[in-house]
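The primary structure of each chain is shown beneath.
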Amino acid sequence: MLERVIENWLDKASERSFQLCYCYMLSADGHIIIHSTRHCGMEMGKDIITVGPDGTPCAFQLKTGNISLAKWRNEISPQIDDLVFGKLSHPSVDSSKHHESYLVTNGRIEEEVSRAIDDRNRSWKDINPCFRLRTVVRGELLEKAQKLGTDLWPSELTDTKTLLELFLENGRGVLPKEKLASLLESTLPLRFVEHKKEPSKDECKRRVASAAILCVIATWNFSKENNHAAEIEAWTLYIAYVLALAERWELPFKIYEDSFELARESIYNSLANLCDEIEERRYLVEGNPLTDPYIYGFRLTWLLALMSIYALWRRNERLPEDDVDDFLREFCQEKWKQSDIFGEAAIPQVLAFLWYFRKINPTKTPDDLLRALITTICKRNGPKGENPFPSPYYEAEDILPHILGIAEEPLMDSFIGESYAIEGLVHLYVRRNWKQSMKLLWPSVTRLGNVFFEPDNSWDFYRWRNKHGTHKIVYPKHTQKWEELKALSFESDGANIPPTIKNHPILLLLFLCVYPHRMNAEVLRWLDTEMEQIQMP
């Protein structure tokens, strides 16, 4: 069954998903991935640049489908000269060594094209023996994918069923994160494996690459539909489970570095592609225009969060400012008043926007928005509140039927008197030194119990759901000295945050947006400190 899924995917894969999967195949073969194109307006005939296991630079041009003589002449042949003769301009590549050139397709190369390539190789040999075009075709790709995948992937009937369900998603809706998490858990050895032996580092490295290919194939329809938000969530989940594995078995970063960086780059590229799409679209309506107004504000909050994360990521990397930064600034300043939240699962999204908004708006408006958020939670979730915000375990798709009045049954849980976000939000507001405002808010704050989950093991922090931990409720003191509250609010060691994510604060922020149920005051304080250190030009 899995072999058929791989074959079906390979025949239908879009160039973007095919390219990412091939990067993981190359990485598993010992290549160091130097560059993978985003397929934007600037392409140089080299989709992937690597350094091979023997230190030789390699350049790959990827195509989908069969390569006929007409396709070769009209589309591919003009790019080949640049692929073979053009120098690889990259600081990580030794320009004194000429690179090996590859034409890769998930289809077949027709006989006439093979002859044309052979003729070119013979003519180039007289000029320089290094000038040569190699080819990789469908059969070789299928063999690589099956070798890397089927001996490691889950074989239980329930897991195969989950993979098929994901594979057959239409790709235009919300990513079924719980299903993808289930597949990743069954692929990566987080618990003791056979005979209760710790998996070797080589085994972990292979499993990480295998899980990446599984992720590509399971979400191929989302990629085909250019559902960038779903792609971002999928690769955030993947990174979370890779870090869970690293945390579980104390793996050195070099063991999973290549796979981690490929997923990280995929997220960044999806953010960039989403930014391009938003900039090109006049309206942000999705689906039925008659019902979209009911959920437009919720979706806009998610878009504001993603664009804010993209903007912060660009600044954290200290990229030169350009038109992209101008658009991100204008978009966030223009659209924030139309945003809305459906529950506490949206709080990390709001905070992502506020951390960026504070950098582009020097007024007290961002702090006023934070205060308004605290006030709203206290009012709606307080003892006498109405229509309380659901906990972060309830995502938008869980809540929307109730908001639209089409739910068949009411929510079973009651959210009155508790909040997962209130303590962290209060600490962030105290950090802004609004003493008098906080004094007025404090009586309402003390009527809410702060709820949080404390996992038994550090790696459980990354798991979508787990039974190994304790849910706790802590009530604040009715009277609290300002200096004591400030001392607690400014504590930002993040001692209980897994160290594997601390070197990547932007990814932790994105992780919280995808995993809102991992939100707690300690994580928010640590993130606030990290976001403050990002400098605007």
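Refer to the preceding data block for the structure.
Everything in this summary refers to the structure shown in the same document. (Residues numbered from 1 in each chain as written. Predicted model: local features only at pLDDT ≥ 70, side-chain atom pairs only at ≥ 80, totals over all residues. Heavy atoms only, no water.)

## Structural notes on the packing of helix α2 (residues 15–28) against helix α11 (residues 253–280)
Step number 1: Packing of α2 against α11 brings their axes to within 10 Å, and their N-to-C directions diverge by 165°. Viewed along their axes, α2 and α11 adopt a mutual orientation that is roughly antiparallel. When you trace α2 past α11, the crossing you get is right-handed. Of the residues in α11, those in contact with Arg-16, Leu-20, Cys-23, Tyr-24 and Ser-27 of α2 are Asp-258, Ser-259, Leu-262, Ala-263, Ser-266 and Asn-273.
Step number 2: Classifying every residue of the contact of α2 with α11 gives five nonpolar, four polar and two charged. (Axes fitted to C-alpha atoms, helices over the stretch in contact; angles between N-to-C directions. Helix = DSSP H or I, 4+ residues; strand = E, 2+ residues; numbered from the N terminus. Parallel < 35°, antiparallel > 145°, perpendicular 65-115°, else oblique. Left-handed = near helix turned anticlockwise from the far one by under 90°. Contact = heavy atoms within 4.5 Å. Nonpolar A, V, L, I, M, F, W, Y, C, P; charged D, E, K, R; others polar.)

## Some thoughts on the packing of α11 against helix α13 (residues 323–335)
Step number 1: For the pair α11 and α13, interaxial distance at closest approach is 11 Å and the crossing angle is 65°. Here α11 is positioned roughly perpendicular relative to α13, judged by the angle of their axes. Relative to α13, the crossing made by α11 is left-handed. Contacts from Cys-275, Ile-278 and Glu-279 of α11 reach α13 at Val-324, Phe-327, Leu-328 and Phe-331.
Step number 2: Tallied by class, the residues present in the contact of α11 with α13 amount to six nonpolar, no polar and one charged.

## Considerations on a nonpolar patch on the surface
Step number 1: A surface patch of nonpolar side chains, amounting to about 410 Å² of accessible area, comprises Tyr-294, Ile-403, Leu-404 and Ile-406.
Step number 2: Residue placement: Ile-403 occurs in helix α16 (residues 396–403). (Patch = residues over 30% accessible without salt bridge, like charges linked within 9 Å, V, L, I, M, F, W, Y side chains within 5 Å. Areas by Shrake-Rupley, 256 points an atom, 1.4 Å probe, with all protein chains shown as cover. Salt bridge = Lys/Arg side-chain N within 4 Å of Asp/Glu carboxyl O.)

## Notes on the pattern of salt bridges
One side chain can pair with another of opposite charge once the charged atoms of both are near each other.
Step number 1: If you walk through the whole model with that rule in mind, you get 35 salt bridges.
Step number 2: The salt bridge involving Arg-172 is made with Glu-225; its shortest N-O contact spans 3.7 Å. Taken as a pair, Arg-172 in the loop between α6 (157–167) and α7 (177–187) and Glu-225 in the loop between α9 (220–224) and α10 (228–249) lie far apart in primary sequence, 53 residues in all.
Step number 3: Taking the shortest distance from any N to any O, the salt bridge between Arg-463 and Asp-460 comes out at 3.2 Å.
Step number 4: Looking at Arg-463, the relative accessible area reads 11%, which means it is buried. (Buried < 20%, exposed > 50% of the residue type's maximum accessible area, 1.4 Å probe, protein only.)

## So, the sheet that holds strand β7 (residues 449–455)
Step number 1: In space, the three strands of this open sheet follow the order β6-β7-β8, with mixed pairing throughout. Each edge of the open sheet carries a strand with a single partner, namely β6 (418–419) and β8 (469–474).
Step number 2: As judged from the two bridges shared by β6 and β7, these two strands associate in the parallel manner. The residue bridging Glu-418 from the neighbouring strand is Gly-449, located in β7. (Pairing = 2+ DSSP bridges.)

## Side note on the nonpolar core
Step number 1: By size, the foremost hydrophobic cluster in this structure holds 158 residues, and its most contacted members are Tyr-22, Trp-235, Tyr-238, Phe-331 and Met-438.
Step number 2: No other element matches α10, which puts 16 residues into this core.
Step number 3: The residues contacting Tyr-238, other than those within four sequence positions of it, are Tyr-24, Leu-184, Val-208, Ala-211, Ala-212, Cys-215, Ser-259 and Ala-263.
Step number 4: With 19 residues, the next largest nonpolar core counts Ile-34, Ile-67, Ile-80 and Ile-109 among its residues. (Core = buried A, V, L, I, M, F, W, Y, C linked by side-chain atoms within 4.5 Å.)

## Points about empty space enclosed by the protein
Step number 1: Applying the stated rule across the entire model yields four cavities of 30 Å³ or more.
Step number 2: Taken as a whole, the largest cavity encloses approximately 280 Å³ of empty space.
Step number 3: In terms of lining residues, the largest cavity is bounded by 21 residues, among which Arg-16, Leu-20, Glu-231, Ser-266 and Ser-270 are the most central.
Step number 4: Elements represented by at least two residues in the lining of the largest cavity include exactly α2, α9, α10 and α11. (1 Å grid on protein atoms, 1.4 Å probe; cavity = no way out; pocket = protein on both sides within 12 Å on 5 of 7 lines; lining within 4 Å. Points joined across faces, edges and corners; volume = space filled by probe spheres on them.)

## Notes on unusual backbone geometry
Step number 1: Of note, the phi angle at Glu-250 is positive, near 50°, even though the residue is not glycine.
Step number 2: Residue placement: Glu-250 occurs in the loop between α10 and α11.
Step number 3: Judged by relative accessible area, Glu-250 falls into the exposed class, the value being 70%.
Step number 4: We note that Arg-318 has phi near 55°; this positive angle belongs to a residue other than glycine.

## Some points on the environment of Leu-319
Step number 1: Assignment of secondary structure puts Leu-319 in the loop between α12 (292–316) and α13.
Step number 2: We classify Leu-319 as partly exposed; its relative accessible area is 30%.
Step number 3: Sequence separation of Leu-319 and Pro-537 is 218 residues, and the distance between their C-alpha atoms is 9.7 Å.
Step number 4: Discounting chain neighbours no more than four positions away, the residues touching Leu-319 are Tyr-268 and Arg-314.

## What to know about the packing of aromatic side chains
Step number 1: According to the stated counting rule, one finds 24 aromatic pairs in the structure shown.
Step number 2: An angle of 85° between the planes, with centres 5.4 Å apart, marks the rings of Tyr-394 and Phe-415 as edge-to-face. Taken together, the residues span a long stretch of sequence, with Tyr-394 in the loop between α15 (365–381) and α16 and Phe-415 in the loop between α16 and β6 at a distance of 21 residues.
Step number 3: Owing to a relative accessible area of 16%, Tyr-394 belongs among the buried residues under this scheme.
Step number 4: Aromatic side chains Phe-511 and Tyr-515 sit 4.2 Å apart centroid to centroid with 20° between the ring planes, which places their arrangement in the stacked category.
Step number 5: For Phe-511, a relative accessible area of 3% puts it in the buried group.
Step number 6: Residue Tyr-515 is classed as buried on the basis of its relative accessible area of 0%. (Phe/Tyr/Trp six-rings, centres within 6.5 Å; stacked < 30°, edge-to-face > 60°.)

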